[in-house]
Amino acid sequence: MITSKIDLNLFVVFEAIYAQQSLTRAAGVLHVTQPAVSSSLAKLRSIFDDPLFVRSPSGMNPTPLARQLIGTVRDSLKNLDICVAARIGFDPASSTRTFRIHATENAELILLPELLSLLAIQAPETNLEVIFMDRREVAFALASGNIDLAIDAPLLSHPELISQPLYADDYSCVMRNGHALSKSELNLSKFVDSRHIHVSSRLSGSGHIDLALRSIGEQRRIALRLQHYAALPALLQQSDFIAAIPASIAKHWQVHSRALPFAAPKLELRLFHHKSASHDPALLWLRDLFSQGSANLR
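The rules behind each value
Residues numbered from 1 in each chain as written. Predicted model: local features only at pLDDT ≥ 70, side-chain atom pairs only at ≥ 80, totals over all residues. Heavy atoms only, no water. Helix = DSSP H or I, 4+ residues; strand = E, 2+ residues; numbered from the N terminus. Buried < 20%, exposed > 50% of the residue type's maximum accessible area, 1.4 Å probe, protein only. Contact = heavy atoms within 4.5 Å. Areas by Shrake-Rupley, 256 points an atom, 1.4 Å probe, with all protein chains shown as cover. Lys, Arg positive; Asp, Glu negative; His and termini not counted. Charge placed at Lys NZ, Arg CZ, Asp CG, Glu CD. Pairing = 2+ DSSP bridges. Axes fitted to C-alpha atoms, helices over the stretch in contact; angles between N-to-C directions. Core = buried A, V, L, I, M, F, W, Y, C linked by side-chain atoms within 4.5 Å. pLDDT = per-residue confidence, 0-100. Phe/Tyr/Trp six-rings, centres within 6.5 Å; stacked < 30°, edge-to-face > 60°. Salt bridge = Lys/Arg side-chain N within 4 Å of Asp/Glu carboxyl O. Parallel < 35°, antiparallel > 145°, perpendicular 65-115°, else oblique. Left-handed = near helix turned anticlockwise from the far one by under 90°. Nonpolar A, V, L, I, M, F, W, Y, C, P; charged D, E, K, R; others polar.

Draft legend 1. Layout of the overall build of the protein. The secondary structure content of the protein amounts to 11 helices and 12 strands. Based on the C-alpha atoms only, the size of the protein along its principal axes is roughly 80 × 45 × 30 Å. Taking all 298 residues of the protein together, 44% fall into the buried category. When contacts within the protein are restricted to residue pairs at least 6 apart in sequence, long-range pairs at least 24 apart make up 75% of them. With the model as given, the accessible surface of the protein reaches about 15800 Å², and the carbon-plus-sulfur share is 53%. Between the mean site of the 29 positive side-chain charges and the mean site of the 27 negative ones, the protein shows a separation of 4 Å.

What follows is the structure in structure tokens.
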């Protein structure tokens, strides 16, 4: 058997270099010295008779052979981790693990409070790192283990990812208390003629509300576009702007909330994991906890 003559730790180094695109960063992740990483890479180059990684201004770029190997190497390492984890088991009550999750701002505001309440009871020593990254990078981050789970819209799609529905939320129209629209019927004409604040992490493009309006031949006036919700409550209180936001967020603010005067799709959030992590006991538990938390919100 060929692999019996190869130190399997070399493949751990290979994956780290591939993920970090730097010998120095790979050494940091592995908690070893850079010369140790260089030595392991030299052994791998000898085994495969290929440079595997080539220096460039952007870092250590993988060769075609390295790109061919990475999927198999990652799957194998994941399977080894799962075998060990299954043997050891996972005890949330005593675990000190830090889980790293990609989440949209909507997911943070709607789901995290309930999740933290459940963690405080079931796994008080665990920690969360919640980050937001470009949707195009999420599949790679899940495959490499840089993140454990992702919460995003159904738009996040990749053949290596498995998802489950987590939460669906209606949109509400919000405005300051005492706003003229809060004292009368909110019809479609008044809605589209108002000055709107649109919150989206994207730098440009239409949102769910705009697409719904477009489908009925209408268009609203977006007077202000924001990438985050933090300033929205204060801006609403100090102006006659209105905004269409998820109802679960609106209910936590001191604002007047009205149903939209037209049909609009719900905001859908799904929980994603890489298929290689499907049997990880810790992530199975965490996925179940997310499902429990979202069920509590319904």
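Draft legend 2. Quick peek at the sheet that holds strand 10 (residues 243–246). The three strands lie next to each other as 10-7-11, forming an open sheet whose pairing is antiparallel. Edge positions in the sheet fall to strand 10 and strand 11 (256–259), since each has one partner strand and no second. When the angles between neighbouring strand axes are averaged without regard to direction, this sheet yields 40°. As paired elements, strand 7 (residues 171–175) and strand 11 share four bridges and run antiparallel to each other. Across the sheet, the residue bridging to S172 is A259, located in strand 11.

Draft legend 3. Main features of the nonpolar core. Core analysis: the biggest nonpolar cluster contains 53 residues, and I151, F191, L232, I245 and F290 have the highest contact counts within it. The element that contributes the greatest number of residues to this core is helix 5 (residues 105–122), accounting for seven residues. Listed in part, the 22 residues of the second largest apolar core include V13, I17, A27 and V37.

Draft legend 4. Here's a closer look at the confidence of the model for the protein. The predicted model of the protein has a mean per-residue pLDDT of 90, with 96% of residues at 70 or higher. Ranking the helices and strands of the protein by mean pLDDT puts strand 7 first, with 97, and helix 4 (residues 64–88) last, with 79.

Draft legend 5. A look at the packing of aromatic side chains. Counting across every chain of the model gives nine aromatic pairs. Ring centres of F11 and F48 lie 6.4 Å apart, and the angle between their planes is 75°; this geometry places the pair in the edge-to-face category. Of the two residues, F11 sits in helix 1 (residues 9–20) while F48 sits in helix 3 (residues 34–48), which places them 37 residues apart along the sequence. Residue class for F11 comes out buried when judged on its relative accessible area of 16%. Judged by its relative accessible area of 26%, F48 is partly exposed. Ring geometry for F191 and F262: centres 5.2 Å apart, planes at 65°, overall edge-to-face. With F191 in helix 7 (residues 188–193) and F262 in the loop between strand 11 and strand 12 (267–274), the pair connects residues that are 71 residues apart, well separated along the chain. Each member of the pair, F191 as well as F262, carries the same accessibility label: buried.

Draft legend 6. Summary view of the sheet that holds strand 3 (residues 98–103). If you trace the five strands from one edge of the open sheet to the other, you get 4-3-5-12-6, paired in mixed fashion. Edge positions in the open sheet fall to strand 4 (127–131) and strand 6 (161–169), since each of these has one partner strand only. Averaged over neighbouring strand pairs, the angle between their axes works out to 25° when direction is ignored. Alignment of strand 6 against strand 12, held across eight bridges, turns out to be antiparallel. Within strand 12, the residue paired with Q164 across the bridge is L271. Packing of helix 5 onto the sheet brings it into contact with strand 3, strand 4, strand 5 (149–152), strand 6 and strand 12, and relative to strand 4 it is tilted by some 180°.

Draft legend 7. Fine view of the pattern of salt bridges. Per the counting criterion, the structure on display carries 10 salt bridges. The shortest N-O distance in the salt bridge between K266 and D170 comes to 2.8 Å. With a gap of 96 residues between them, K266 in the loop between strand 11 and strand 12 and D170 in the loop between strand 6 and strand 7 connect regions that are remote in the sequence. We classify D170 as partly exposed; its relative accessible area is 41%. Each of the salt bridges in this network shares a partner with another, and the network as a whole consists of R97, D148 and D280.

Draft legend 8. The environment of W253, seen in detail. With respect to the helices and strands, the residue W253 is situated in the loop between helix 10 (247–250) and strand 11. On the basis of relative accessibility, which here comes to 19%, the residue W253 falls in the buried class. The residues touching W253, leaving out its near neighbours within four places in the chain, are Y229, L232, P233 and I245.

Draft legend 9. Region of the structure containing the packing of helix 1 against helix 2 (residues 23–30). The contact between helix 1 and helix 2 brings their axes to 8 Å, and the two run at 125°. Taken together, the axes of helix 1 and helix 2 are oblique relative to one another. Pair helix 1 / helix 2 crosses with right-handed handedness. Residue-level inspection shows V12, V13, A16, I17 and Q20 of helix 1 in contact with helix 2, the latter providing L23, R25, A26, V29 and L30. Looking at the contact of helix 1 with helix 2 residue by residue, the classes come out as eight nonpolar, one polar and one charged.

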